[in-house]
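# Coordinate analysis (summary)
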Amino acid sequence: MTRLRVLLLEDSPADAELALSALAAAGLDCAADTAPGRVEFERLYAADRYDVVLADYSLPDYTGLDALARVRAADALQPFILVSGALGEERAVEALRAGATDFVLKGNLNRLGPAVARALQESRQRREHLATQQALELSERRYRAVVEDQSELIIRMLPDLTVTFANGAYCRYFGLAPEALPGRSLLEHIPPEEAPRVRRFVAGITPAAPSYDRDSQVRDASGALRWMHWAARGVFATGGALAEIQSVGRDVTELKRAMDALGATRERLQRLSRRLLEVQEAERRHLARELHDDIGQGLTALKLNLESLARGRDGVALEARIAEALETARHTIERVRQLSLNLRPL
């Protein structure tokens with residue numbers, strides 16, 4: 001077991017010996033320095049570190065309260081016990097208010113050991129608590145620094161939508177004072193038509209489904225209507241109850257406009273595609289008519305003339321039929337050429 005470093009302010013060697021004997025009797029292994037007055041006490045305290053300070057209440061050039069003030073100026077958690085021959089209730093209260101850990105009467109030194117043990121335990125617990133609190137405060141400051149530097153809008157709220165925190169970006173975007181938000185309901189500064197949707201989304205946050213995303217329209221500080229994408233996540237207590245909700249917002253107005261423009265362009269392309277198909281179909285119908293009316297008729301006439309030639313024997317009539325057939329063939333070839341030109345791409 002580590003020896004306790006004890007600083008004892010006592011101008012009576014006999015009383016000092018009794019106090020140290022009481023500590024030994026309580027099973028405390030102590031290494032003690034004794035100071036008979038102010039100069040030696042302050043020199044020893046400044047030069048070394050002690051686990052506990054014991055001080056007589058009244059000395060010729062110094063008092064226990066003076067020593068207490070000196071110790072508390074350096075360490076608010078240092079165990080400090082007054083040991084006095086007579087200490088009235090008023091002075092005892094004064095000492096405790098000034099920061100003394102405890103007081104023990106010299107006529108009842110059997111309390112000194114337990115008082116020192118209790119003071120050491122309380123000091124350890126308070127230092128651990130202070131260290132934990134400082135670590136939490138440091139973590140909170142770091143978290144806030146990170147959050148405040150974000151360009152995204154960040155807001156935290158209780159399950160009943162009472163705001164607990166909003167970062168600077170959120171406040172600037174909506175033109176709100178940071179100190180005016182905590183403690184107020186989120187519903188106070190969102191469009192009324194959004195309230196049912198917000199409540200519905202919050203009601204759907206569970207440990208099994210801890211997050212949600214949604215788009216909503218909001219009005220910024222200038223009053224302009226904007227689109228915001230919100231990504232929210234629930235924070236749950238140990239038993240699974242929803243404790244807090246953090247929501248991160250990002251302005252997606254320009255993205256929405258781009259998507260709307262893309263949709264309009266796609267719609268125009270679809271209309272043009274349908275029109276192109278209609279034109280192609282009309283051209284096919286026109287080509288079918290041309291083939292049927294002109295070329296079909298010409299080929300039919302040519303066929304009839306050739307059949308007539310096969311039967312005829314009259315030379316004059318044969319020449320006329322041959323001329324007519326040639327003309328029909330020429331006309332048909334010309335129509336085929338024209339249709340071919342019409343089918344060529346521009």
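Check the entry above for the structure.
Now for a look at the structure at hand. (Residues numbered from 1 in each chain as written. Predicted model: local features only at pLDDT ≥ 70, side-chain atom pairs only at ≥ 80, totals over all residues. Heavy atoms only, no water.)

## Observations regarding the pattern of salt bridges
All told, the structure shown has 21 salt bridges when counted by the stated rule. Of the charged contacts in the structure, one is a salt bridge between D56 and K106, with a shortest N-O distance of 3.3 Å. Highlighted residues: D56 in strand β3 (residues 52-56) and K106 in the loop between β5 (102-105) and α5 (112-148), separated in sequence by 50 residues. With a relative accessible area of 22%, K106 lands in the partly exposed category. Between E267 and R274 there is a salt bridge, with the nearest N and O atoms lying 3.9 Å from each other. Classification of R274 by relative accessible area gives partly exposed; the value is 42%. (Salt bridge = Lys/Arg side-chain N within 4 Å of Asp/Glu carboxyl O. Helix = DSSP H or I, 4+ residues; strand = E, 2+ residues; numbered from the N terminus. Buried < 20%, exposed > 50% of the residue type's maximum accessible area, 1.4 Å probe, protein only.)

## Observations regarding unusual backbone geometry
In the Ramachandran plot, L161 falls in the positive-phi region, its phi being about 75° despite a non-glycine side chain. Here L161 is to be found in the loop between β6 (153-157) and β7 (163-166).

## Comments concerning the nonpolar core
L153, I155, Y170, F174 and L186 are the most contacted members of the largest nonpolar core, which totals 23 residues. Mapped by element, the contributors of at least two residues to this core are β6, β7, α6 (168-174), α7 (195-203), β8 (211-219) and β9 (225-236). For this core, the leading source of residues is α6, giving 5 residues. In contact with L186, other than residues within four places in its own chain, are I155, M157, L161, V163, Y170 and V198. (Core = buried A, V, L, I, M, F, W, Y, C linked by side-chain atoms within 4.5 Å. Contact = heavy atoms within 4.5 Å.)

## Brief notes about the sheet that holds β5
Here 5 strands make up an open sheet; going across it, the order is β2-β1-β3-β4-β5 and the pairing parallel. Here the strands that pair on one side only, and so sit at the sheet edges, are β2 (30-35) and β5. For this sheet the average axis-to-axis angle between neighbouring strands, irrespective of direction, equals 20°. Note that strand β1 (residues 4-9) and β2 share 6 bridges and pair parallel. In the sheet register, L7 faces β2, and the bridge partner there is D33. Most of the contacts of helix α2 (residues 38-47) go to β2, to which it runs at about 140°, and overall it touches β1, β2 and β3. (Pairing = 2+ DSSP bridges. Axes fitted to C-alpha atoms, helices over the stretch in contact; angles between N-to-C directions.)

## Here's the deal with the packing of aromatic side chains
Using the criterion set out here, one finds 6 aromatic pairs in the structure. Note on F41 and Y45: the rings are 6.3 Å apart at their centroids and 5° apart in plane angle, and the pair reads as stacked. Of this pair, F41 and Y45 both sit in helix α2, 4 residues apart, which is roughly one turn of the helix. Y45 shares its class with F41; the two are buried. Summarising the aromatic geometry, the rings of Y173 and F174 are spaced 5.1 Å apart at their centres and angled 75° between planes, so their arrangement reads as edge-to-face. With relative accessibility at 12%, the residue F174 sits in the buried group. Grouping aromatic residues by their ring pairs yields a cluster made of Y170, Y173, F174 and W230. When the ring centre of W227 is taken as origin, the NZ or CZ atom of K256, which lies over that ring, is 4.5 Å away. (Phe/Tyr/Trp six-rings, centres within 6.5 Å; stacked < 30°, edge-to-face > 60°. Lys NZ or Arg CZ within 6 Å of the ring centre and 35° of its normal.)

## So, the side chain of R226
Its location among the elements puts R226 in strand β9. You can call R226 buried: its relative accessible area is 18%. A polar contact of 3.3 Å, which involves the side chain of R226, links it to the side chain of T253. (Polar contact = N/O pair within 3.5 Å; in protein donor to acceptor, adjacent residues only side chain to side chain.)

## Brief notes about the packing of helix α3 (residues 64-74) against helix α4 (residues 89-98)
At a minimum axis separation of 10 Å, α3 and α4 run at an interaxial angle of 10°. Between α3 and α4, the crossing angle belongs to the class labelled roughly parallel. The handedness of the crossing between α3 and α4 is right-handed. From α3, L65, L68 and R72 reach across to α4, where they touch E94, A95 and A98. Of the residues in the contact of α3 with α4, the class split is 4 nonpolar, no polar and 2 charged. (Parallel < 35°, antiparallel > 145°, perpendicular 65-115°, else oblique. Left-handed = near helix turned anticlockwise from the far one by under 90°. Nonpolar A, V, L, I, M, F, W, Y, C, P; charged D, E, K, R; others polar.)

These figures capture arrangement, not role.
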